[in-house]
Amino acid sequence: MASLSNNQKTRKSSFLNSNPVMRRLDKVEEYSESSAATYGGITAKTIFFLLFSVAGMILQRVLETHLATGRQIAVKISGFETTLYMGQVIAIAACVILAIVFQLLAFFAKPTTPVTGSLYCVTQGYIIAFLVFTVLKGLEHLGLLALIITVAIVAVMSILYSTGVIRVTKKFKMVMITLLVTSIAVSLLTFLGSLIPFTRDLVKSLTANPVISIGISVIFIIIAALFLICDFNTIDHVVSDKLPKKYEWQAAFGLSFTVLWLYLKVLDLIMTIAGNNKN
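Calculation criteria
- Residues numbered from 1 in each chain as written.
- Predicted model: local features only at pLDDT ≥ 70, side-chain atom pairs only at ≥ 80, totals over all residues.
- Heavy atoms only, no water.
- Helix = DSSP H or I, 4+ residues; strand = E, 2+ residues; numbered from the N terminus.
- Contact = heavy atoms within 4.5 Å.
- Areas by Shrake-Rupley, 256 points an atom, 1.4 Å probe, with all protein chains shown as cover.
- Salt bridge = Lys/Arg side-chain N within 4 Å of Asp/Glu carboxyl O.
- Buried < 20%, exposed > 50% of the residue type's maximum accessible area, 1.4 Å probe, protein only.
- Axes fitted to C-alpha atoms, helices over the stretch in contact; angles between N-to-C directions.
- Parallel < 35°, antiparallel > 145°, perpendicular 65-115°, else oblique.
- Left-handed = near helix turned anticlockwise from the far one by under 90°.
- Nonpolar A, V, L, I, M, F, W, Y, C, P; charged D, E, K, R; others polar.
- Patch = residues over 30% accessible without salt bridge, like charges linked within 9 Å, V, L, I, M, F, W, Y side chains within 5 Å.
- Core = buried A, V, L, I, M, F, W, Y, C linked by side-chain atoms within 4.5 Å.
- Pairing = 2+ DSSP bridges.
- Expected span 1.5 Å × (residues − 1).
- Phe/Tyr/Trp six-rings, centres within 6.5 Å; stacked < 30°, edge-to-face > 60°.
- Lys NZ or Arg CZ within 6 Å of the ring centre and 35° of its normal.

Chemist: Please set out the overall build of the protein residue by residue, giving values where relevant.
Modeler: Within the protein one finds 10 helices and 2 strands. Mapped in sequence order, the helices and strands of the protein form the string α-α-α-β-β-α-α-α-α-α-α-α. Contacts in the protein between residues at least 24 apart in sequence constitute 79% of all its contacts with a sequence separation of at least 6. Accessible surface, the protein: about 14,500 Å² in total, of which carbon and sulfur atoms supply 71%.

Chemist: Quick rundown of the pattern of salt bridges? Include the residues and the values.
Modeler: By the definition in use, this model includes 2 salt bridges. A salt bridge links glutamate 248 to lysine 45; its shortest N-O distance comes to 2.8 Å. On the criterion of sequence distance, the pair formed by glutamate 248 in helix H10 (residues 248–278) and lysine 45 in helix H3 (residues 39–64) is long-range, its members being 203 residues apart. On the basis of relative accessible area, glutamate 248 is assigned to the buried category, the value being 0%. Using a relative accessible area of 15% as the deciding quantity, one classes lysine 45 as buried. Here glutamate 248 and lysine 245 are joined by a salt bridge, their closest N and O atoms 3.0 Å apart. A network of salt bridges, in which partner residues are shared, links Lys45, Lys245 and Glu248.

Chemist: Tell me about the packing of helix H4 (residues 86–108) against helix H5 (residues 113–135), residues and numbers included.
Modeler: Look at H4 against H5: their axes get within 8 Å of each other, and the N-to-C directions meet at 150 degrees. Relative to H5, the element H4 is oriented roughly antiparallel. For the crossing formed where H4 meets H5, the hand is left-handed. In this structure, H4 uses Gln88, Ala91, Ile92, Cys95, Val96, Leu98, Ala99, Phe102, Gln103, Leu105 and Ala106 to contact H5, whose residues at the interface are Thr113, Thr116, Gly117, Leu119, Tyr120, Thr123, Gln124, Tyr126, Ile127, Phe130 and Thr134. For the contact of H4 with H5, a count of residues per class yields 14 nonpolar, 8 polar and no charged.

Chemist: Can you tell me about a nonpolar patch on the surface, naming the residues and giving the values?
Modeler: Together, Ile47, Leu51, Val54, Ile58, Leu59, Val62 and Leu63 make up a nonpolar patch on the protein surface, roughly 590 Å² of accessible area in all. Owing to a relative accessible area of 39%, valine 54 belongs among the partly exposed residues under this scheme.

Chemist: Quick rundown of the side chain of threonine 116? Include the residues and the values.
Modeler: Here threonine 116 is to be found in helix H5. Residue threonine 116 is classed as buried on the basis of its relative accessible area, which comes to 7%. The residues touching threonine 116, leaving out its near neighbours within four places in the chain, are Phe102, Leu105 and Ala106.

Chemist: Tell me about the nonpolar core, residues and numbers included.
Modeler: One finds Leu131, Ile153, Met157, Phe172, Leu228 and Leu267 to be the most contacted residues of the largest nonpolar core, which totals 63 residues. Within the residue set of this core, elements represented by two or more residues are H3, strand E2 (80–85), H4, H5, helix H6 (141–162), helix H7 (170–195), helix H9 (210–240) and H10. In terms of residue count, H10 provides more of this core than any other element does, 16 residues in total. Beyond its immediate chain neighbours, meaning those up to four positions away, leucine 267 contacts Leu131, Val132, Leu136, Leu142, Gly143 and Ala146.

Chemist: Which residues make up the pairing of E2, and what values go with them?
Modeler: Residue alternation in E2 divides its side chains into a buried set, Phe80, Thr82 and Leu84, and an unburied set, Glu81, Thr83 and Tyr85. Two strands pair when backbone bridges link them, and strand E1 (residues 72–77) and E2 are joined in this way by 6 bridges, in the antiparallel orientation. By the bridge assignment for E2, lysine 76 is matched with glutamate 81. Count of turn residues in the E1/E2 antiparallel hairpin: 2 residues, of which serine 78 carries a positive phi of about 50 degrees.

Chemist: Help me get a handle on H3, residues and values and all.
Modeler: In this model H3 runs 38 Å from its N-terminal to its C-terminal C-alpha over 26 residues, within 8% of the 38 Å that 1.5 Å per residue would give. Listed in full, the buried residues belonging to H3 are Gly41, Ile42, Lys45, Thr46, Phe49, Ser53, Gly56, Gln60 and Glu64.

Chemist: Explain unusual backbone geometry to me, using residue names and the numbers behind them.
Modeler: Positive phi outside glycine occurs at lysine 242, with the angle close to 55 degrees. One can find lysine 242 in the loop between H9 and H10. With relative accessibility at 34%, the residue lysine 242 sits in the partly exposed group.

Chemist: Break down the packing of aromatic side chains for me, citing the residues and quoting the values.
Modeler: Under the criterion given, the structure shown has 13 aromatic pairs. Between phenylalanine 48 and tryptophan 249, the aromatic rings sit 5.5 Å apart at their centres with planes inclined by 80 degrees, giving edge-to-face as the arrangement. With phenylalanine 48 in helix H3 and tryptophan 249 in helix H10, this residue pair connects regions lying 201 residues apart in the sequence. Its relative accessible area of 33% is what places phenylalanine 48 among the partly exposed residues. Through successive ring pairs, a cluster of aromatic residues spans Phe48, Phe49, Phe52, Phe107, Phe108, Tyr120, Trp249, Phe253 and Phe257. Lying across the ring of tryptophan 249, lysine 45 places its NZ or CZ 5.1 Å from the centre. Geometry around phenylalanine 220 places lysine 265 over its ring, the cationic atom sitting 4.6 Å from the centre.

See the structure below:
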């Protein structure tokens, strides 16, 4: 009992352990001897969430033909030029907004995580299918390539964590903080610069530079991969500290969130490279 309390206090003092879901788990002081969280339970629930992203992909393919209505709009995404119907634009915009809403609900309204987390994964699956089958039409194999790379990254980071090659130390957390704060600051400055008339052209030219775009994508992939290490570490604590089984849902959603984020960043990198080569 004493060692358990000390372990929890240590984890509560950390500034950045992982994504918001996992950070909230680090503050939990409940534990259960009879019905505690297990690795098997978290794995099963992670698969459950990821299957909902597959459902989102199927939904996008089913609705695609029905949304091909209204006037057409030419758009450019990661170097790929495509023409979308207004129905498709409205659907993908609604999907992005809903993703933000469901994500926040899953993060902060813990009892809703099984439902809101599932709905969030549906929106991510829809966005993935939109990018792979609509924007990359004719080059759908790039989506499979992104999946293979994502699975490889998850496997490698899992091995590096389980073998102790990478440990979640104070220095590791500082690297995480530096990368995350820098990426947020750059994104914010880019957004603000695009709104200011005398810096708008400069920002546009910088963001259009393929080297800069690829560099930013690589940084985000590195951050996502490091978040995986933090997620694995927190899941270890959830199980070893015998948190109640209900917290498996949050741990599983936190890991699913990171995996989907990683996949989208890998896909974005591949699209940027392929788009520039195509042009």
